[in-house]
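# Structural description and commentary
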Amino acid sequence: MYHSSRLFPSDVLSKCEVVFGTQTRVCAENRLRWDLTPEKIQQLSDELIAKTKQVYDTVGCLDLDNVTYENTLKALADVEVEYTVQRNMLDFPQHVSPCKEVRAASTEADKKLSEFDVEMSMREDVYQRIVALKGKLEEGDSLTVEAKRYMERLIKLGKRNGLHLPKETQEEIKVIKKKLSNLCIDFNKHLNEDTTSLAFTKEELGGLPEDFLNSLEKDEDGKLKITLKYPHYFPTMKKCYVPETRKRLEQAFNSRCKEENSAILKELVELRAKKCALLGFGTHADFVLEMNMAKSAKKVTSFLEELARKLKPLGEEERAVILKLKEQECQKRSLPFQGELHAWDTRYYMTQVEETQYAVDQNTLKEYFPMEVVTQGLLDIYQELLDLTFEQVEGAPIWHDDVTLYCVKDRTSGQVVGQFYLDLFPREGKYGHAACFGLQPGCLLPDGTRQMAVAAMVANFSKPTADAPSLLQHDEVETYFHEFGHVMHQLCAQADFAMFSGTHVERDFVEAPSQMLENWVWEKEPLQRMSKHYKTGGAIPEELLDKLIKSRLANTGLFNLRQIVLAKVDQCLHTKCAVDPAEEYARLCQEILGVPASPGTNMPATFGHLAGGYDAQYYGYLWSEVFSMDMFYARFKQEGIMNPKVGLDYRKCILNPGGSEDASDMLKKFLGRDPKQEAFLLSKGLTVEPEAGTPCAC
């Protein structure tokens, strides 16, 4: 998942040549500070607003005949760079600061800055100056391709904010936009700050390994505390053989922030529908998708329907296998069996499928993935593949002792590319998932030098204990590779404008570059390079490695059908009126998965994507996989997965442009043809129908 700032959003993208390794001087300065007090955050927010507003006021006051590239577009682009760096420094601490007061101040700053973003995005005077400049330049067009794209994007965004509509409509849109941004911040804040934990006896946690049990805190009665954070929740749902424990945990997990977030979600959906109606769009989905590769809700619906139709038989086969496993387990443990699956069963029996059908024991496997070995292997692979070098920066200012900072250089030229932070372990109040945050955009500074990019990868992997280092489940290794792929996209992009920096591409393409890199954790050579037993230092046995690689297709039907359920809930909320999210989710779970949602839960109220910039866009995870699989199979699998030439092509064609080109153009350059769906369908364990050889509907 990728997080972006709000004033200059990551909307879509025209064709532009980006010269790789241009000799622009790089300003290798990390301008971010992590020692801000709550008072300082407030003061700097006010100063940032005042300084930025001044630039907008100056542009807005220009005589329409006197607008030039320098006093209009460049003035806005320059303030955008400064604003983005400062804003990220002020609103990122809400996700990671160990201090509750700092987190609260950062959240307040985010709200204030988000309201300011709305104000500036609704500046009709500034919009009119950009339109005037476009008219003036049409006589003798002297802009670079990317500058022209920037100008056209600003005009497009102005229209999408209703700046061509009557004043009172604009005011109404502005009020709605402010409300929306505050509601989104609150929705995710509630989830981040959730501290719910459940207490269990050791017997109630049967099936969980000793190292896991030893890492748990105890309550005053000596019971073991399981929180709803990932490193506790998922291992328990996968390995605990006591159904009642899994049931309690699943119901609590999917009831997090139920009351407050249900109310917020209802309001979010209503406000989005109201805003898109004012802008002349039929649905919020159509409004959002206009800027994506998919272009319309209709196209997304047919993509999801088609994929569900193809996956349904596979899902039904897998469901039958899981039901059989449950029946055997119930006999073995003298438990009643009613011939049905519950929401708290799926992960447990999906894990059993991996262990029985593919003989992959997850508890044995994780002993070969100590955090330090995985990190070293991952960093080595990325350096080799993308022709980069990483070096840890000692003694750098950080926000918590767990955090490390690395400096990235181009291996050939020695030129600094950027820096990244790794913040990998859970703690109270911290962002609860895994995500990449862009902090300092890689783009041109006002003086024409290039600002290096800075990003942070934030995750929640199991912490080391007194007896064992942090040991990663294989799916955590996959997550690590995925999010680090976003980090590389942030750093390797060489756009001129902050608006096109890093991962600022179409939202239904943004996951493709990092999804493509997940393939490395399913290939023998990379797996050997990032694993060794934490006690003996031995390599993963060949047999276990082969089984792991084969197990990639385990549960693929059910897993992808669940992604379709989530994508459909998201589309439904943003295309239909008065839908009850919990009811719709329950209906789709039953219809598509054949597994009912637990009564009384409300999964959509815990679904951070709905309030985190993925509204009407969750389908993008599956959509972009079409491209990630095509890129992997057409080039890397054919020419060598560690082939530095292909790695460099990938860096040049896919990562380097950032959002300065359309994704379809980047793909065509890298593939040498239009994308196809074939590799994607094969990767799901599906047989490819003859027509799949033609370019896909995407």
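In this text, all values refer to a predicted model and were calculated from it rather than measured experimentally.

Thresholds, definitions, all that
Residues numbered from 1 in each chain as written. Predicted model: local features only at pLDDT ≥ 70, side-chain atom pairs only at ≥ 80, totals over all residues. Heavy atoms only, no water. Helix = DSSP H or I, 4+ residues; strand = E, 2+ residues; numbered from the N terminus. Rg over C-alpha atoms; globule rule 2.2 N^0.38 Å. Buried < 20%, exposed > 50% of the residue type's maximum accessible area, 1.4 Å probe, protein only. Lys, Arg positive; Asp, Glu negative; His and termini not counted. Charge placed at Lys NZ, Arg CZ, Asp CG, Glu CD. Pairing = 2+ DSSP bridges. Phe/Tyr/Trp six-rings, centres within 6.5 Å; stacked < 30°, edge-to-face > 60°. Lys NZ or Arg CZ within 6 Å of the ring centre and 35° of its normal. Salt bridge = Lys/Arg side-chain N within 4 Å of Asp/Glu carboxyl O. pLDDT = per-residue confidence, 0-100. Contact = heavy atoms within 4.5 Å. Polar contact = N/O pair within 3.5 Å; in protein donor to acceptor, adjacent residues only side chain to side chain. Disulfide = S-S within 2.5 Å. Expected span 1.5 Å × (residues − 1). Core = buried A, V, L, I, M, F, W, Y, C linked by side-chain atoms within 4.5 Å. Axes fitted to C-alpha atoms, helices over the stretch in contact; angles between N-to-C directions. Parallel < 35°, antiparallel > 145°, perpendicular 65-115°, else oblique. Nonpolar A, V, L, I, M, F, W, Y, C, P; charged D, E, K, R; others polar.

## Re the overall build of the protein
- Broken down by element type, the protein carries 26 helices and eleven strands.
- Expected size for 698 residues packed as a compact globule is a radius of gyration near 26 Å; at 25 Å, the protein falls within 12% of this value.
- Projecting the C-alpha coordinates of the protein onto the three principal axes gives extents of approximately 85 × 60 × 55 Å.
- Classification of the 698 residues of the protein by burial places 60% in the buried group.
- Charge centroids of the protein, computed over 87 positive and 107 negative side chains, lie 1 Å from each other.

## Things to note about the pairing of strand β3 (residues 197-200)
- Burial of β3 is one-sided: the residues Leu-198 and Phe-200 facing one way are buried, the residues Ser-197 and Ala-199 facing the other way are not.
- Relative to strand β4 (residues 224-227), β3 runs antiparallel, the two being bridged by four bridges. Directly across from Ser-197, in β4, lies its bridge partner Thr-227.

## Some words on the packing of aromatic side chains
- Considering all chains together, one arrives at 36 aromatic pairs under this definition.
- Here Tyr-618 and Tyr-621 contribute two aromatic rings whose centre-to-centre distance is 5.0 Å and whose plane-to-plane angle is 50°, an arrangement assigned as tilted.
- On the basis of relative accessibility, which here comes to 8%, the residue Tyr-618 falls in the buried class.
- With centroids separated by 5.2 Å and ring planes inclined at 80°, the aromatic side chains of Phe-632 and Tyr-633 adopt a geometry described as edge-to-face.
- These aromatic residues form a ring-pair network of at least three members: Trp-34, Phe-92, Trp-399, Tyr-421, Tyr-431 and Phe-437.
- Between the NZ or CZ atom of Arg-246 and the centre of the ring of Tyr-348, over which it lies, the distance is 4.1 Å.
- Above the ring of Phe-670, the side-chain terminus of Arg-635 is found at 4.9 Å from the ring centroid.

## Regarding the pattern of salt bridges
- Going through the model one piece at a time under the given rule, you end up with 56 salt bridges.
- Put simply, Arg-529 and Glu-384 hold a salt bridge, and the shortest N to O gap is 2.9 Å. Of this pair, Arg-529 sits in helix α19 (residues 524-529) while Glu-384 sits in helix α16 (residues 371-386), placing them 145 residues apart in sequence.
- Overall, Glu-384 belongs to the partly exposed group, its relative accessible area being 34%.

## Thoughts on the confidence of the model for the protein
- Averaged over every residue, the pLDDT of the protein is 93; the share at 70 or more is 95%.
- Note that pLDDT drops below 50 for residues 4-21; the model gives that stretch 69 contacts with residues more than four away or on any other chain.
- This stretch, residues 691-698, has a pLDDT under 50; its non-local contacts, to residues over four places away or in other chains, come to 19 contacts.

## With respect to the side chain of Gln-571
- Along the chain, Gln-571 turns up in helix α21 (residues 556-573).
- Classification of Gln-571 by relative accessible area gives buried; the value is 5%.
- Each residue touching Gln-571, except ones within four places of it in the same chain, is listed here: Ala-285, Leu-289, Ala-297, Val-300, Leu-304, Ala-616, Gln-617 and Tyr-619.

## Describing the side chain of Lys-189
- Tracing the backbone shows Lys-189 in helix α7 (residues 167-192).
- Engagement of the side chain of Lys-189 in a polar contact is seen with the side chain of Thr-107, the distance being 3.4 Å.
- When sequence neighbours within four positions are dropped, the list of residues in contact with Lys-189 reads Gln-94, Arg-103 and Thr-107.

## Details of the sheet that holds strand β9 (residues 443-444)
- Spatial strand order, β2-β10-β9: three strands in an open sheet with mixed pairing. Of all strands in the sheet, those bounded by a partner on one side alone are β2 (26-27) and β9.

## Things to note about unusual backbone geometry
- Despite not being glycine, Asn-555 has its phi angle at roughly 60°, a positive value.
- Residue placement: Asn-555 occurs in the loop between α20 (542-550) and α21.
- Even without glycine at this site, Ala-578 takes up a positive phi of about 50°.
- In this structure, Ala-578 sits in the loop between α21 and α22 (581-593).

## Focus: the state of the cysteines
- Taken as a whole and judged by the stated rule, the model has zero disulfides.
- Note on Cys-257: no disulfide assigned, nearest cysteine sulfur contributed by Cys-184 at a separation of 15 Å.
- The class of Cys-257 is buried, set by a relative accessible area of 8%.

## Re α21
- Given a rise of 1.5 Å per residue, 18 residues ought to cover 26 Å, and the 26 Å separating the end C-alpha atoms of α21 matches this to within 8%.
- Counting buried positions along α21 yields 16 of 18 residues, so the element is predominantly enclosed.

## Topic: the nonpolar core
- Among the nonpolar cores identified, the biggest contains 202 residues, and Phe-420, Phe-484 and Trp-520 are the most heavily contacted of them.
- Sorting elements by how many residues they give to this core places helix α13 (residues 297-332) first, with eleven residues.
- In terms of nonpolar packing, the next biggest core, distinct from the first, is built from 19 residues, Leu-208, Leu-216, Met-237 and Trp-344 among them.

## Details of helix α17 (residues 474-492)
- Taking 1.5 Å per residue as the helical rise, α17 with its 19 residues ought to reach 27 Å, and the 27 Å between its terminal C-alpha atoms agrees with that figure.
- With 17 of 19 residues buried, α17 lies mostly within the body of the structure.

## Some points on the packing of α13 against helix α23 (residues 620-639)
- Between α13 and α23, the shortest axis-to-axis distance is 11 Å and the interhelical angle comes to 75°. Considering their axes alone, α13 and α23 lie roughly perpendicular with respect to each other. Contacts from Lys-299, Phe-303, Leu-304 and Leu-307 in α13 reach Leu-622, Trp-623 and Val-626 in α23.
- Of the residues that constitute the contact of α13 with α23, the class distribution is six nonpolar, no polar and one charged.

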